[in-house]
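Residues per chain are reported as follows:
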Amino acid sequence: VELVESGGGSAQAGDSLRLSCSASGRTYSTDALVWYRQVPGKQRQFVAGINLRTGVQYLADSVNDRFTISRDYPNYTVYLDMNDLKPEDTAVYLCGRHWRGTVQPRPMGEYDYWGQGTQVTVSS
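Thresholds applied
- Residues numbered from 1 in each chain as written.
- Predicted model: local features only at pLDDT ≥ 70, side-chain atom pairs only at ≥ 80, totals over all residues.
- Heavy atoms only, no water.
- Pairing = 2+ DSSP bridges.
- Helix = DSSP H or I, 4+ residues; strand = E, 2+ residues; numbered from the N terminus.
- Axes fitted to C-alpha atoms, helices over the stretch in contact; angles between N-to-C directions.
- Phe/Tyr/Trp six-rings, centres within 6.5 Å; stacked < 30°, edge-to-face > 60°.
- Lys NZ or Arg CZ within 6 Å of the ring centre and 35° of its normal.
- Buried < 20%, exposed > 50% of the residue type's maximum accessible area, 1.4 Å probe, protein only.

### Focus: the sheet that holds strand 7 (residues 67-72)
(1) Moving on: If you trace the four strands from one edge of the open sheet to the other, you get 1-3-8-7, paired in antiparallel fashion. Edge positions in the sheet fall to strand 1 (2-6) and strand 7, since each has one partner strand and no second. Neighbour-to-neighbour, the strand axes of this sheet turn through a mean angle of 15°, independent of strand direction.

Next up, the structure:
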């Protein structure tokens with residue numbers, strides 16, 4: 001399984017960015033793809049998750065009024081639309097797979113594949 005993220009970059013506060021995560025290899029429709037973000041020296045933080053087949057989704061309270069998650073089911077691609085970006089959104093955003101299809105945050109050991117991450121930097 002390979003997860004490839006794209007779409008990161010630099011933005012000003014209030015801007016929008018769209019991240020993409022494309023899954024290939026032994027990916028199943030029952031999988032969930034999730035977004036976490038990580039800042040150096042801090043724990044990885046859950047952002048959002050979506051089940052590829054059903055579209056059931058879950059977003060962290062800290063972003064659910066600004067971010068949306070969606071998927072292109074046939075192409076096993078998920079998107080994270082980030083609006084009204086804030087400097088505290090600055091992080092490396094990583095896409096992970098939960099093979100049981102759980103969209104809520106779970107212990108790290110339950111995710112079996114991760115992408116390489118994409119940097120998002122928001123300046124004030």
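### With respect to the packing of aromatic side chains
(1) Moving on: For the coordinates displayed, the defined rule picks out six aromatic pairs.
(2) Moving on: Members of the aromatic cluster, joined through ring pairs, are Tyr36, Phe46, Tyr58, Tyr111 and Trp114.
(3) Moving on: Its guanidinium or amino end placed over the ring of Tyr79, Arg18 lies 4.3 Å from that ring's centre, counting from NZ or CZ.
(4) Moving on: The ring of Trp114 carries the charged tip of Arg44 above its face, separated from the ring centre by 4.6 Å.

### Digging into unusual backbone geometry
(1) Moving on: Even without glycine at this site, Tyr76 takes up a positive phi of about 50°.
(2) Moving on: Within the secondary structure layout, Tyr76 lies in the loop between strand 7 and strand 8 (77-82).
(3) Moving on: Positive phi values are uncommon outside glycine, yet Asp84 reaches one of about 50°.
(4) Moving on: Classification of Asp84 by relative accessible area gives partly exposed; the value is 39%.

Without other data, these values stay purely geometric and don't point to any function.
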